[in-house]
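A look at the structure
The primary structure of each chain is shown beneath.
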Amino acid sequence: MERLIYEGRFLVNTVGGIMRRDDLRVMYGRMNWEKIFREADYHKIANIIYLACLGNGDQIPDRWRERLFDRYQKSLMFGDVYKDAQKEILMMMEMMKLPCFVISSCAIRELYPVPEMADCGLLKILVDENSYALAKGYMIDLGYESDRLYKGYGEHMKNAAGFDMELYHKLPFRTKLYDKNIKLMLETAPFFDNYQYVRALSIENQFVYRLAKAAYAYVMDELLLRDVLDLFVFHRHWQEKMNMESVERRLVNFRIDELGEKILQIAYMWFGSKEDRATDGLPEDIHVYDNLENRILSRGYLNKETSQQALKLERLIRREIKKEQAREKRAAFTEKWSKRWKKIKRMLSWAFPEYRYMCVIYPILENIPILLPVCWIWRGIRQLKILITSNLFKRKSD
């Protein structure tokens, strides 16, 4: 566990140095570069780590230096395809007059010092549940294939050029509070560029969405360094133009205003320079941020959570997960017994055929229907006799 924290802090310090454009530090060969690469790849920052390795090539094994370069090259090549691919998708939605919301786009690349430092960002589109199948069909027509399903929410799709996008009919948040506030943000979403059917969140709501998503991922122990870094570059670029009163009201409604402030503060502590500030003043209790850092870097193994908002949000999510599991168990139980009942019905229908069928075999039933049970018994005896005879004949032939 200490090793995981150590490697995580190494990644944070390395990425922070690149973002601040500090002098490159010497990397020592005694580091476990396999674990460093895997941890960087998990947090989606391997392309930035490659930039830090440029002056330390002799210290890094060839295999892992090449793997880091592959991630950097992928991000570099992504810059050539993402604009056209994103425009193609949105134009398709516009031409087909299918209303949709752009939840996040690849525009975050433009906020990094160098675009290839950004991740191969996802275009996330939200459509109405009734229009979901139609929107998916349009994506398939454009050459996209589904490679990951988010049950109850949407799916991840990819084309041959390597452009990824996510199509949702419901954003992947379990709590009713999140659903309610996201719907309120969507109601006020302006049109995206010059489109008439494509809308996107305002700058303030984009920031609120990113912070709410980070808080949600944090309490689920799924918060990536890339998510924190994207939040940092977005806030640093737009903070002077955002209506912070509106942002604060939204965060209060989400009930993550204190937790969100801590996540934003640690983003600036990790990646910002001395001139960069998330809020006025310095943190009062640095131990809170130590706990926050340890939980993120250890993926929840070191969890000494003290934030009441984080604890409450986590309880709400766990409660909804238990409800989902209970519903799935009930559905599985119902399906299991439904299949059994169908088998029983087939057996009963074979053992006790319907009246009309029995009339064909025993015409007397047309005049005396009350004999139906007797005919059932007589038919059963005949079937049993045939079964016994056939088994005896089979044994003799063997």
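It should be noted that the structure appears before, not after, this text.
Notes on the structure in this doc start here.

All right, on to the pattern of salt bridges then. This structure, assessed with the given rule, holds 15 salt bridges. Its salt-bridge partner being Arg 65, residue Asp 62 comes within 2.5 Å of it at the nearest N-O pair. Taken together, the residues Asp 62 and Arg 65, both in helix α4 (residues 62-95) and 3 residues apart, mark about one turn of the helix. Exposure remark for Arg 65: the relative accessible area of 26% places this residue in the partly exposed category.

In this section: the state of the cysteines. Taken as a whole and judged by the stated rule, the model has 0 disulfides. Counting only cysteine sulfurs, Cys 359 is the nearest neighbor of Cys 375, a cysteine outside any disulfide, at a range of 8.6 Å. For Cys 375, a relative accessible area of 8% gives the class buried.

Taken in spatial order, the 6 strands line up as β3-β4-β5-β2-β1-β6 in an open sheet, and their pairing is mixed. Both outer strands of the open sheet, β3 (145-150) and β6 (198-200), are each paired with one neighbouring strand and no more. Recorded for the sheet is a direction-independent mean angle of 25° between the axes of neighbouring strands. With 4 bridges connecting them, strand β1 (residues 100-104) and strand β2 (residues 123-127) associate as antiparallel partners. Directly across from Val 102, in β2, lies its bridge partner Ile 125.

We now examine the nonpolar core. Nonpolar side chains in soluble globular proteins tend to be buried together. Residues Trp 33, Tyr 178, Tyr 218, Leu 229 and Trp 270 are the most contacted members of the largest nonpolar core, which totals 82 residues. Ranked by residue count, the leading element in this core is helix α7 (residues 203-219), at 11 residues.

The rules behind each value
- Residues numbered from 1 in each chain as written.
- Predicted model: local features only at pLDDT ≥ 70, side-chain atom pairs only at ≥ 80, totals over all residues.
- Heavy atoms only, no water.
- Salt bridge = Lys/Arg side-chain N within 4 Å of Asp/Glu carboxyl O.
- Helix = DSSP H or I, 4+ residues; strand = E, 2+ residues; numbered from the N terminus.
- Buried < 20%, exposed > 50% of the residue type's maximum accessible area, 1.4 Å probe, protein only.
- Disulfide = S-S within 2.5 Å.
- Pairing = 2+ DSSP bridges.
- Axes fitted to C-alpha atoms, helices over the stretch in contact; angles between N-to-C directions.
- Core = buried A, V, L, I, M, F, W, Y, C linked by side-chain atoms within 4.5 Å.

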